[in-house]
Amino acid sequence: MLDIDKIRKDFPILHQEVNGHPLAYFDNAATTQKPISVIEALDGYYRGYNSNVHRGAHFMADKATRHFEDTRTALQKFLNAKEDAEIVFTKGTTESINLVAQTFGKKFVKEGDEIIISAIEHHANIVPWQMLCEEKGATLKVIPVLDNGALDMSVYDELLSEKTKLVSVVYASNALGTINPVREIIKKAHAVGAKVMIDGAQSSSHLPVDVQELDCDFYALSGHKLYGPTGFGALFGKKELLEQLPPFMGGGEMIKEVTFEKTTYNDVPFRFEPGTPNIADTIAMRLALEYVDAIGKDKIAAYETELLNYATDKIEKIDGLNILGTAPEKVSVISLTSETIHPYDLGMMLDARGIAIRTGHHCAQPLMKRFGIEGTARISMSFYNTEAEIDRLVEGLERIVKMFG
Ligand code: PMP
């Protein structure tokens, strides 16, 4: 059992009133809140040892470098990668996916090749592949989605072929909550010789993730969706694969030796980290990972599933609201549609009650189009949410539905 009262005390932002009501924050798929340890780590770096990392000849630079690299080790452990060199620091999931599209694409994708994504992807896992396919004359194939929000895996079997160079799919959908059968996706892709990238933007905070057990080739995450700071993300890549990739961007830090005639590149992961990195946020990220680990990812997943079931049971009973996405495997996301109420109105009226949700297309326009809608009202829950908050949400939804007749 999680001690939610104790956990909530660690998140200062949760203890405020919004529009005269206690805040109930249900927009965790957009970004999660930060525990005090993360906030203090940011403050501690800027007050105590702000310095550039690597090659510094003084105390503060050495301290900053050690803390900076400690986060790499923490992420290696968090994802169970084989070694630190498999963890590349980026700005977030978006940059991680673009990095792979640009570098893996440059090296391995040719005219006539195929990339497979799914119909429930975030734009971050669509557009980089479209850009690559356009550049290379490759083709983008899409695994379709069933009415319940799960992927149509029988079509996946038909799409795979020796032309498939890479499959890139989301582990857990931000728009519907669907958990994709990534193990099966990875196994089948490998059987035709394709590599697999997993968009872990949502799964990283909700599910235990072991990249060796999954056997994915690349895995992307965003720190800010994992109780850490914005502007920090990571890319896991199998070392033997990363070593074959060309650099993403050129500059300082990513080189071994530069002459005007020829530059040699640094080893992985530094080859992919040019310029002064996001030091403070990277350092603070370790505290977020430690916070999640201290609670336990299994316990988090179990509690969030309880919240999901509790909310789903209650919301299903409200006439006039539909839940989009009822796949059997889901993270704690509930996407609502209504024939009479615009999602934006739902969001604004809940906000008047201190309840924060997100409305719109959730950066998944092709998915919205598939269901013939413009957007949804999305409730996304975290381990610091409570059943009492869900009761307030349900009461609010009932009132709004009644008002709209
Ligand atoms: N993929 C998914 C599934 C997401 O939910 C998000 C963020 N909403 C992203 C990718 C992009 O993440 P970021 O904006 O942090 O780069």
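Please read these numbers as outputs of a predicted model, since none were measured by experiment.

Definitions and limits used
- Residues numbered from 1 in each chain as written.
- Predicted model: local features only at pLDDT ≥ 70, side-chain atom pairs only at ≥ 80, totals over all residues.
- Heavy atoms only, no water.
- Axes fitted to C-alpha atoms, helices over the stretch in contact; angles between N-to-C directions.
- Helix = DSSP H or I, 4+ residues; strand = E, 2+ residues; numbered from the N terminus.
- Parallel < 35°, antiparallel > 145°, perpendicular 65-115°, else oblique.
- Left-handed = near helix turned anticlockwise from the far one by under 90°.
- Contact = heavy atoms within 4.5 Å.
- Nonpolar A, V, L, I, M, F, W, Y, C, P; charged D, E, K, R; others polar.
- Phe/Tyr/Trp six-rings, centres within 6.5 Å; stacked < 30°, edge-to-face > 60°.
- Buried < 20%, exposed > 50% of the residue type's maximum accessible area, 1.4 Å probe, protein only.

Following both chains from N to C, one finds helix α13 (residues 343-351) and helix α15 (residues 387-403) inclined at 125 degrees, their axes separated by 10 Å at the closest point. Judged on the interaxial angle alone, α15 and α13 are oblique. Note on packing geometry: the crossing formed by α13 with α15 is right-handed. Here Leu346, Met349 and Leu350 of α13 come into contact with α15, specifically with Leu393, Gly396, Leu397, Ile400 and Met403. Partitioning the contact of α13 with α15 into residue classes produces seven nonpolar, one polar and no charged.

Summed over all chains, the structure comprises 14 aromatic pairs. On the numbers, 5.5 Å between centres and 90 degrees between planes, the contact of Phe11 with Tyr291 is edge-to-face. Of this pair, Phe11 sits in the loop between α1 (4-9) and β1 (17-18) while Tyr291 sits in helix α11 (residues 279-295), placing them 280 residues apart in sequence. This pair shows no difference in class: Phe11 is buried, exactly as Tyr291 is. Residues Phe104 and Phe218 carry aromatic rings whose centres are separated by 6.1 Å and whose planes lie at 80 degrees to one another, so their mutual orientation is edge-to-face. Within this pair, whereas Phe104 is found in helix α4 (residues 93-108), its partner Phe218 is found in strand β9 (residues 218-222), the two being separated by 114 residues in sequence.

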